Amino acid sequence: MRILVAGGGIFGLTAALALRDRKCEVTLVDPGPLPHPLAESTDISKVVRMDYGADEDYTALGERALARWRQWPELFHETGVTFLSRARMEPGGFEYESYELLRRRGHPIERLDATAIVRRFPAYRPGAYVDGYFNPRGGWAHASGVVAKLAAEATARGVTIRAGTIDAALDGGEADLVVVCAGAWVPLIVPELASSLGAVGQPVFHLRPPDPSLFEAARFPVFGADISRTGYYGFPVDRDGIVKIANHGTGIALAPDATRVVTNAQESELRDMLRDSFPALVDAPIVFRRLCVYSDTADGNFWIARDPNNPKLVVATGGSGHAFKFAPVLGEIIAAIALGEPHPLAAKFRWRPELAVRGSEPARYRGEP
Ligand SMILES: Cc1cc2nc3c(=O)[nH]c(=O)nc-3n(C[C@H](O)[C@H](O)[C@H](O)COP(=O)(O)OP(=O)(O)OC[C@H]3O[C@@H](n4cnc5c(N)ncnc54)[C@H](O)[C@@H]3O)c2cc1C
């Protein structure tokens, strides 16, 4: 089978590799270079975790992905992850439900109270967070490094990577199947999905702390700072002395190809958060900022499905700000669904135009990147 994959981010590259493994002839088109500077998958780091509230599907998928991430030690750093709350964890809350589900699944989760938080993580303002947990299983991946690795692997395994774009789904020419994995740009290629997929800009900040020792992974692991309420999450200091903090909140709706600028309001909100949570960072210079754009679905679940009205078209996107961590297992899901095989997650990721993204509540997964 001849397959054209549009998009060289994590969805496109993993799909291309998995389809190649199934002996398909695969051409991947992307304007490039890869990693593409505007792509969501391009970044210094992405959170890798299995903590997904009460959702067993994503938790199980996260467990499987984690086992694979450990096979890429040059790109994955298992610092553990901590999700902290300004108030006592309560049933129904992301932190509480994650804690309960992960314990039930046998993971060595450690609950932390206000005293333990400050003792373990001295960068936190005493009393700012009063409950939460530390999960030693999880961490962060060097995102752009992963994309570069997958692109090289795809070429080595016979995927033709071509610089260019497809402008319409039917641009596939002689391909038997077109798999559109163009992230936030998908509605430009498949206009009928414009009400189901929303481009949403989220701010990313790189800070250079004067004293990086406070932010080393052993005492500043990947974190969610009361994330369901604030949207803030971040990473330990990296080898370049950078602490990345980003927000996974409502974000800013914009056109996929609009100019992307972090607003002054987003920057002052960050400073307020630092003042309240990490006093040692409040005056740290921001050495880089970026508005990165999600491909959002109304329910926060991925969109991986064949077009019921066009047997030649498959759309795989809708990462909704949380798909990168599944890179090691994503391709096989896309390949199975693209080739019409049954898959346990096909219903969750189905073609669902009845769910409109505009006007709907921010994706219910908001608060967990
Ligand atoms: C700020 C931010 C932080 C995030 N943090 C995390 C995190 O910590 N953990 C996590 O798991 N996930 C995270 N995510 C989500 C994750 O990064 C995405 O879900 C994932 O990378 C999406 O991959 P993609 O392949 O769909 O899109 P992209 O990576 O955006 O790739 C799409 C590709 O399509 C190409 N393209 C565009 N138009 C065309 C066309 N017409 N023809 C051909 N190609 C085209 C582009 O050049 C691009 O390379 C985050 C996302 C953002 C924005």
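Our structure's up above, just so we're on the same page.
A quick note: this is a predicted structure, and the numbers were derived from the prediction, not measured.

Q: Explanation requested: the site of the ligand in the structure shown.
A: Near the ligand lie 32 residues; those nearest to it are Asp30, Ser41, Val47, Ile166 and Cys292. Measuring from a nitrogen atom of the ligand, one finds a backbone N or O atom of glycine 7 at 3.5 Å. A distance of 2.9 Å separates an oxygen atom of the ligand from a polar atom in the backbone of glutamate 40. Protein burial of the ligand: of its 1,000 Å² of free accessible surface, 98% is covered by the chains. Of all the secondary structure elements, the ones that give two or more residues to the shell around the ligand are α1 (10-21), β2 (25-30), β3 (46-48) and β16 (286-296). In terms of residues, the shell around the ligand owes the most to one element, β16, which gives three residues. Classifying every residue of the shell around the ligand by side-chain character gives 18 nonpolar, 10 polar and four charged.

Q: In this structure, what is going on with the packing of helix α2 (residues 56-69) against helix α9 (residues 327-338)? I would like to understand it.
A: Between α2 and α9, the shortest axis-to-axis distance is 7 Å and the interhelical angle comes to 120°. Classified by the interaxial angle, the pair formed by α2 and α9 is oblique. Residues Leu61, Arg64, Ala65, Arg68 and Trp69 of α2 touch α9, and the partners they reach there are Ala327, Pro328, Val329, Glu332 and Ile333. Here the contact of α2 with α9 is built from residues that sort into seven nonpolar, no polar and three charged.

Q: Even after reading the chapter, I still don't get α2, so can you show me in this structure?
A: Along an α-helix, residues three or four positions apart point the same way, because every turn accommodates 3.6 residues. Over its 14 residues, α2 runs 19 Å from end to end, which matches the ideal 20 Å to within 8%, given 1.5 Å per residue. Buried within α2 are the following residues: Tyr58, Thr59, Leu61, Gly62, Ala65, Leu66 and Trp69. Seen along its axis, α2 keeps its buried residues to an arc of 160°; they face one direction. Residues of α2 that are buried sit in contact with β3, β4 (76-77), α3 (94-104), β8 (139-141), α5 (143-156) and α9. At the N-terminal end of α2, a side-chain oxygen is found 2.9 Å from the backbone nitrogen of aspartate 57, two or three residues along, and the residue is aspartate 55.

Q: Honestly, the nonpolar core in this entry has me stumped. Any pointers?
A: For soluble globular proteins, nonpolar side chains are generally found buried alongside one another. One finds Val5, Ile10, Phe11, Trp69, Val146, Val179 and Ile304 to be the most contacted residues of the largest nonpolar core, which totals 69 residues. If we skip the residues at most four places from it in the chain, tryptophan 69 touches Val48, Phe76, Ala141, Val146, Phe324, Lys325, Ala327 and Pro328. One finds Ala116, Phe215, Phe223 and Val293 within the second-largest nonpolar core, a separate group that totals 35 residues.

Q: In this structure, what is going on with the sheet that holds β2? I would like to understand it.
A: For sheets, the rule is that strands pair by backbone hydrogen bonds, running either parallel or antiparallel. Spatially, six strands are ordered β9-β2-β1-β10-β18-β17 in an open sheet, and the strand pairing comes out mixed. Strands with a single pairing partner mark the edges of an open sheet, and in this sheet they are β9 (160-163) and β17 (303-307). Recorded for the sheet is a direction-independent mean angle of 20° between the axes of neighbouring strands. Across the sheet, α9 lies against β10 (177-180), β17 and β18 (310-317), angled at about 20° from β17, the strand it touches most.

Q: I'm lost on the pairing of strand β14 (residues 243-247) in this one. Help?
A: Two faces, one strand: in a regular strand the side chains alternate between the faces of the sheet. Of all five residues that make up β14, five are buried, and the element is covered over most of its length. Going residue by residue along β14, you find Val243, Ile245 and Asn247 tucked away on one face and Lys244 and Ala246 tucked away on the opposite face as well. Sheet topology note: the strand β11 (residues 198-207)/β14 ladder contains four bridges and is antiparallel. Counterpart to phenylalanine 205 in the pairing with β14 is isoleucine 245. Direction of pairing for strand β13 (residues 232-234) relative to β14: antiparallel, over a ladder of three bridges.

Thresholds, definitions, all that
Residues numbered from 1 in each chain as written. Predicted model: local features only at pLDDT ≥ 70, side-chain atom pairs only at ≥ 80, totals over all residues. Heavy atoms only, no water. Near = heavy atom within 4 Å. Polar contact = N/O pair within 3.5 Å; in protein donor to acceptor, adjacent residues only side chain to side chain. Areas by Shrake-Rupley, 256 points an atom, 1.4 Å probe, with all protein chains shown as cover. Helix = DSSP H or I, 4+ residues; strand = E, 2+ residues; numbered from the N terminus. Nonpolar A, V, L, I, M, F, W, Y, C, P; charged D, E, K, R; others polar. Axes fitted to C-alpha atoms, helices over the stretch in contact; angles between N-to-C directions. Parallel < 35°, antiparallel > 145°, perpendicular 65-115°, else oblique. Contact = heavy atoms within 4.5 Å. Expected span 1.5 Å × (residues − 1). Buried < 20%, exposed > 50% of the residue type's maximum accessible area, 1.4 Å probe, protein only. Arc of directions from axis to C-beta. Core = buried A, V, L, I, M, F, W, Y, C linked by side-chain atoms within 4.5 Å. Pairing = 2+ DSSP bridges.

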